[in-house]
Amino acid sequence: MTYRILGSLAATSLGAVLQVPQLSCAQDVGTKIIEPPSVLFCQPNLLVTHSSLEADTSISEADTSNINEAHAESTDLDSWLAPSAGRISIFPHSRDGHQAATIYIRSIPLMTFIGAEQPVADPSKTLTSPDAPITDPDLMARVIATAAQLDTFSQAGGNAEHIGVRWDADREVFVIALAGQDLVIINETAIFPNTFQDPAVDALQVANRLRYLLGEAPPLATIEGLPEPEPAPAPAEVAPRIAMVLTGVASWYGPGFHGRRSASGEVFNQQAMTAAHRHLPFGTLVRVTNLNNGRQVIVRINDRGPFIHGRTIDVSAGAAATLGMTYSGIARVRLEVLED
């Protein structure tokens with residue numbers, strides 16, 4: 001397929017902006033015929049290829065005349081039906097059982113408007129078929145008004161860098177604007193032709209394609225006024241379940257045992273939060289509370305002991321420091337055996 005570019009939108013080098021191979025042009029009765037590039041524009045995380053442009057609505061080139069006729073003020077749909085030739089053109093078609101119309105610039109789809117349900121069930125009677133016209137007056141009014149506004153902006157030599165997209169917080173919609181004048185709201189009835197099913201992404205794509213087609217302006221990376229997403233709530237802390245509560249006397253150990261094998265086979269580290277108990281399974285977690293000062297620590301059982309009468313648990317030197325019992329040597333404690 002070839003692409004004809006006319007009037008104020010005559011083609012310039014796509015490669016300089018997009019870093020794609022330089023296009024070759026051939027003269028054809030005063031009209032440049034340009035083979036489409038492999039990549040039309042690119043922005044972070046969003047790559048639009050030539051194949052994606054034709055995925056929604058396939059248009060075959062037709063013989064047309066008077067393609068330079070100005071129609072910015074026309075309210076007649078027929079004046080916009082110039083397949084593959086006009087600067088800005090409209091193509092009626094059906095989409096998911098609804099009437100639809102896509103605005104094209106340089107034979108590249110810009111945005112698609114969705115209207116009422118399609119009354120024609122025959123899939124062959126779509127696009128510009130005279131048997132399947134747009135009968136939805138609201139759809140027709142929206143698409144023609146948008147095309148006319150685009151045509152006026154283009155013929156007036158509007159600066160493509162003044163094409164923007166913003167989040168309207170009052171209406172909670174995404175708005176495409178031309179030099180501060182609202183053009184269209186992007187929502188479920190006005191979408192990017194190959195919609196991403198996300199109005200924010202669609203709006204940014206429409207704006208960037210329009211910026212490129214009307215002046216090769218660099219793409220926008222963000223949407224003006226879009227609030228930062230709220231941070232995800234922190235996961236709620238789940239209190240461990242207590243399987244058993246004991247009281248007794250704790251002592252501590254460390255010097256002389258540091259670096260040696262404990263009863264579990266693990267190398268003893270006197271600064272780790274571990275403890276010795278006579279019968280609790282290895283790996284059991286125990287919350288130890290010093291009843292003299294209220295300080296707590298959770299220790300893991302990895303050794304056997306204590307073997308002195310009247311003592312319930314032997315904590316490591318590091319755990320003893322946390323409990324505040326290093327100098328006293330012993331302390332009355334509450335032991336809460338925690339479930340896994």
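None of the values given here were measured: they were computed from a predicted structure.

### Quick notes on the overall build of the chain
Link 1 in the chain: When its secondary structure is counted, the chain shows 5 helices and 18 strands.
Link 2 in the chain: Within the chain, counting contacts between residues at least 6 apart in sequence, those at least 24 apart form 62% of the total.

### Description of the sheet that holds strand β11 (residues 181-186)
Link 1 in the chain: Strand order across the open sheet formed by 3 strands is β9-β10-β11, with antiparallel pairing between neighbours. Pairing within the sheet leaves two strands with one partner each, and these edge strands are β9 (163-168) and β11. On average, each strand axis in the sheet is inclined to that of its neighbour by 30°, with strand direction left out of account.
Link 2 in the chain: The sheet contact formed by strand β10 (residues 173-178) and β11 spans 5 bridges and is antiparallel. Of the residues in β11, the one forming a bridge with phenylalanine 174 is isoleucine 186.
Link 3 in the chain: Each of β9, β10 and β11 is contacted by helix α3 (residues 137-155), which is oriented at about 140° to β11, the strand it contacts most.
Link 4 in the chain: Running at roughly 10° to β10, helix α4 (residues 199-213) makes contact with β9, β10 and β11 of the sheet.

### Digging into unusual backbone geometry
Link 1 in the chain: Following glycine 305, the chain continues to proline 306 via a peptide bond in cis, the omega torsion being -10°.
Link 2 in the chain: We note that aspartate 96 has phi near 50°; this positive angle belongs to a residue other than glycine.
Link 3 in the chain: Tracing the sequence through the fold places aspartate 96 in the loop between β6 (88-95) and β7 (98-105).
Link 4 in the chain: Judged by relative accessible area, which is 74%, aspartate 96 ranks as exposed.
Link 5 in the chain: Phi angles above zero are rare outside glycine, and glutamate 172 is one such case at about 55°.
Link 6 in the chain: In this fold, glutamate 172 is placed in the loop between β9 and β10.

### As for the pairing of β6
Link 1 in the chain: Counting buried residues in β6 gives 7 out of 8 residues, a clear majority hidden from the surface.
Link 2 in the chain: Note: β6 against β7, 8 bridges, orientation antiparallel. Considered in β7, the bridge of phenylalanine 91 is made with threonine 102.
Link 3 in the chain: Two successive antiparallel strands, β6 and β7, enclose a turn made up of 2 residues, where aspartate 96 displays a positive phi of approximately 50°.

### Side note on the pattern of salt bridges
Link 1 in the chain: For the coordinates displayed, the defined rule picks out 8 salt bridges.
Link 2 in the chain: Linked through salt bridges whose partners overlap, the residues forming this network are Arg166, Asp168, Arg171 and Asp182.

### Concerning the pairing of strand β8 (residues 108-117)
Link 1 in the chain: The buried fraction of β8 is high, at 8 of 10 residues.
Link 2 in the chain: Bridge analysis of β7 against β8 gives 7 bridges, and the strand direction is antiparallel. The residue of β8 that forms the bridge with isoleucine 103 is methionine 111.
Link 3 in the chain: A loop of 2 residues connects β7 with β8, the two strands running antiparallel in sequence, and arginine 106 in this loop sits at a positive phi of about 55°.
Link 4 in the chain: Of the strand pairs in this sheet, β8 and strand β12 (residues 190-191) are connected by 2 bridges, and their pairing is antiparallel. What sits directly across from phenylalanine 113, in β12, is alanine 190.

Reading the values: the criteria
Residues numbered from 1 in each chain as written. Predicted model: local features only at pLDDT ≥ 70, side-chain atom pairs only at ≥ 80, totals over all residues. Heavy atoms only, no water. Helix = DSSP H or I, 4+ residues; strand = E, 2+ residues; numbered from the N terminus. Contact = heavy atoms within 4.5 Å. Pairing = 2+ DSSP bridges. Axes fitted to C-alpha atoms, helices over the stretch in contact; angles between N-to-C directions. Buried < 20%, exposed > 50% of the residue type's maximum accessible area, 1.4 Å probe, protein only. Salt bridge = Lys/Arg side-chain N within 4 Å of Asp/Glu carboxyl O.

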